[in-house]
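# Structure assessment
Given next are the chains, with one letter for each unit.
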Amino acid sequence: MTTRILVTGGCGFIGSNFVRMVLAERPDWEVVNLDKLTYAGRLENLADVARDPRYRFVRGDICSPETVRDAMTGCTAAVNFAAETHVDRSLLGAAHFIETDMKGVLVLLEEARRVGLQRFVQISTDEVYGSIAQGSFTEESVLNPRNPYAASKAGGDRLAFAYWATYKVPVVITRASNNYGPFQYPEKLIPLFVTNALRDESLPLYGDGRNVRDWLHVADHCRAVLFVLEHGAEGEVYNIAGGNERENIEITNEVLRVLGKPASLIRKVEDRVGHDRRYSLDAGKLRRLGWEPRVSFERGLEETVRWYVEHEAWWRPIKDHDGEFRRYYQEQYGARLG
Ligand code: NAD
Ligand code: TYD
């Protein structure tokens, strides 16, 4: 029997990598991709599979019950990637985050409950735990989201859990660390710095540049999500991490090294307000079940930098011609860069 899954947010960074991987690795599955095409959602991210008969794209909002009902028809499982995802944007205005990352999750869960979906994977984030000075968060750690993005994701995360605890909707929740790889919208640290450096523009490093993130290649993340979709236990949370903790300045230096660009491009700028110092996850629970990351960070980062070098046709139109990106960049960095 054919398995048909609903993927939301499939035109974004991680969602598009996931859709491509599922179509390649599960030849008898069909994928319905429901995406609103916000600034971060790009049809070109999945241009190579657009004509695959096992793939269907639906443009729509996860906050709309009618749209979700239509897209979910005939599906046995759903994976919810759709979200507003950028911390810095949530600091300029949090309303869209509450809408999509909380209310959208509610709409999806209600429909999942109504149609009796067999599996619902809620893609959460390590940011729900907040910052940790030493050691690593396990799935049992207390949630302490400290910015509006993280808080909205924590709301969606706990709502999903509540629908399992209350109604036995077969929910599984994943909390991944910072992803990197191809097709990441060029406002996040790595693609922003690579594309700025390629044009000899400043790299706006926040604060002292020593905040730590735990980097995970998007392919390893996608493999983990597929693993949890097929093998995760209902009502459970799974941390997903690459185990690659790096200070932002280390990432920045490595990007410059691969590109052969000078350190003089680095501009230390005013810090992000409420900037979480360090994220660190213990992913032992998922590793014990058999998943493990395969991409070494050094190789993955270098390949990622080269992907942006080779795919200028993908990012240049966003940075040069997308009025939304330019407006955002000016608002976020205009005063900082002077
Ligand atoms: P992204 O911003 O690249 O893409 C988000 C996608 O969701 C876009 O295609 C957008 O059009 C779509 N979308 C937004 N609002 C929508 C709505 N109301 N209805 C339908 N579609 C909508 O995000 P990403 O980096 O690929 O992240 C995907 C998921 O993974 C998010 O849930 C995010 O919180 C989570 N996550 C991301 C990271 C990371 O490092 N990027 C880490 C951990 C977890
Ligand atoms: P980001 O990619 O926005 O992911 P997140 O905030 O979800 O971790 O940022 C990663 C780190 O890089 C974070 O510590 C903030 C820092 N950063 C900068 O120093 N300058 C920038 O211009 C951006 C976008 C991020």
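Note that the structure is predicted; figures quoted are calculated from it, not measured. (Residues numbered from 1 in each chain as written. Chains lettered and ligands numbered in written order. Predicted model: local features only at pLDDT ≥ 70, side-chain atom pairs only at ≥ 80, totals over all residues. Heavy atoms only, no water.)

## A look at the domain arrangement of the protein chain
Quick reminder of the rule: For the purposes of this description, domain bounds are those given by an automatic or database domain assignment. Any two residues having at least one pair of non-hydrogen atoms within 4.5 Å are treated as being in contact. Buried area is understood as the total, over both parts, of accessible area removed when two parts are fitted together, assessed with a 1.4 Å probe. A pair is scored as a salt bridge if a Lys or Arg side-chain nitrogen falls within 4 Å of a carboxyl oxygen belonging to Asp or Glu. Nitrogen and oxygen atoms within 3.5 Å of one another constitute a polar contact, given that in protein one can donate a hydrogen and the other can accept it, and given that sequence-neighbouring residues count only through two side-chain atoms. Numbering of helices and strands runs from the N terminus, with a helix taken as a DSSP run of H or I at least four residues long and a strand as a DSSP run of E at least two residues long. All amino acids are sorted into three groups, where Ala, Val, Leu, Ile, Met, Phe, Trp, Tyr, Cys and Pro are nonpolar, Asp, Glu, Lys and Arg are charged, and the leftover types, Gly among them, are polar.
For the protein chain, the assigned domains read domain 1 (3-179 + 216-240) and domain 2 (186-213 + 245-276 + 296-337). Counting residues at the interface gives 17 residues for domain 1 and 19 residues for domain 2. Of the roughly 1,700 Å² buried between domain 1 and domain 2, counting both surfaces, carbon and sulfur atoms make up 44%. When residues of domain 1 are sorted by the area they lose upon contact with domain 2, D88, R89 and L92 head the list and together hold 30% of the total. Linking domain 1 with domain 2 are 5 salt bridges, by the criterion used here. Of the charged contacts in the structure, one is a salt bridge between R89 and E187, with a shortest N-O distance of 2.7 Å. Counting across the interface, domain 1 meets domain 2 through 11 residue pairs in polar contact (both at pLDDT 80 or more). Sort the elements by how many residues they give to the side of domain 1 that touches domain 2 and helix α3 (residues 87-92) lands first, with 5 residues. Tallied by class, residues from the side of domain 1 that touches domain 2 come to 4 nonpolar, 8 polar and 5 charged.

## Overview of helix α10 (residues 297-310)
Stated formally: Here, expected helix span is obtained from the residue count minus one, scaled by 1.5 Å. When accessible area is computed with a 1.4 Å probe and restricted to protein chains, residues below 20% of their type maximum are described as buried, those above 50% as exposed, and intermediate ones as partly exposed. The arc in question is formed by the directions pointing from the helix axis toward the C-beta atoms.
The end-to-end C-alpha distance of α10, which contains 14 residues, comes to 20 Å, matching closely the 20 Å that a straight helix rising 1.5 Å per residue would cover. The set of residues buried in α10 consists of F297, G300, L301, T304, V305, W307 and Y308. Buried residues of α10, viewed axially, fall in a sector of 155°; they line one side. Tucked inside the fold, the buried residues of α10 contact β7 (179-180), α6 (189-198), β10 (216-217), β12 (245-247), α8 (248-259) and α11 (312-321).

## Here we look at helix α7 (residues 218-231)
Over its 14 residues, α7 runs 20 Å from end to end, which matches the ideal 20 Å to within 8%, given 1.5 Å per residue. Of all 14 residues that make up α7, 11 are buried, and the element is covered over most of its length. Looking only at α7, the buried set comprises V218, D220, H221, C222, R223, A224, V225, L226, F227, V228 and L229.

## So, the pattern of salt bridges
Going through the model one piece at a time under the given rule, you end up with 33 salt bridges. Among the ionic pairs, R114 bridges to E111, the shortest N-O distance being 2.9 Å. Placement of both R114 and E111 in helix α4 (residues 95-115) is noted, with a separation of 3 residues, approximately one turn of the helix. A single salt-bridge network, built from bridges that share partners, covers R89, E187, E324, R327 and E331.

## Quick notes on the environment of P186
Tracing the sequence through the fold places P186 in the loop between β7 and α6. Overall, the relative accessible area of 0% leaves P186 in the buried class. Setting aside residues up to four positions removed in sequence, P186 forms contacts with P191, L192, T195, W314, W315, I318, K319 and F325.

## Focus on the site of ligand 1
Going by this rule: The cutoff for a nearby residue is simple: one of its non-hydrogen atoms must lie within 4 Å of the molecule or strand. Shrake-Rupley sampling with a 1.4 Å probe provides the accessible areas, and residues are treated as covered by the protein chains on show and by no other component.
Around ligand 1, 28 residues are found, and the nearest of them are I14, D35, T85, Y149 and K153. Within the contact set of ligand 1, an oxygen atom lies 3.0 Å away from a backbone nitrogen or oxygen of F13. Starting from 840 Å² of accessible surface for ligand 1 in isolation, the protein chains cover 97%. For the shell around ligand 1, the secondary structure elements donating two or more residues are α1 (13-25), β5 (119-125) and α5 (148-167). When residues of the shell around ligand 1 are assigned to their parent elements, the largest contribution, 3 residues, is made by β5. Tallied by class, residues from the shell around ligand 1 come to 12 nonpolar, 12 polar and 4 charged.

## Considering the sheet that holds strand β1 (residues 3-8)
Two pairing modes exist for strands in a sheet, parallel and antiparallel, and in both the strands are linked by backbone hydrogen bonds. Using the following cut-off: Only when DSSP finds a minimum of two bridges between them are two strands counted as paired. To obtain an axis, a line is fitted to C-alpha atoms, over the contacting stretch when the element is a helix, and the angle between two such axes runs from 0 to 180 degrees between their N-to-C directions.
Strand order across the open sheet formed by 7 strands is β3-β2-β1-β4-β5-β6-β11, with parallel pairing between neighbours. Lying at the two open borders of the sheet, with one neighbouring strand each, are β3 (55-59) and β11 (237-240). The sheet shows a mean angle of 20° between the axes of neighbouring strands, taken without regard to direction. As judged from the 4 bridges shared by strand β6 (residues 171-176) and β11, these two strands associate in the parallel manner. The partner of T174 across the bridge, within β11, is Y238. The strands that helix α2 (residues 65-72) touches are β1, β2 (29-35) and β3; relative to β2, the one it contacts most, it runs at about 165°.

## Some words on the site of ligand 2
Ligand 2 sits among 19 residues. The nearest are E127, R213, R272, H275 and Y333. Take E127: an N or O atom from its side chain is 2.5 Å from an oxygen atom of ligand 2. Between an oxygen atom of ligand 2 and a side-chain N or O atom of Y333, the distance comes to 2.7 Å. Of all the elements in the fold, those that place two or more residues in the shell around ligand 2 are α3, α6 and β8 (203-206). Taken together, the residues that form the shell around ligand 2 break down as 8 nonpolar, 5 polar and 6 charged. When we break the shell around ligand 2 down by domain, the ones giving at least three residues each are domain 1 (3-179 + 216-240) and domain 2 (186-213 + 245-276 + 296-337).

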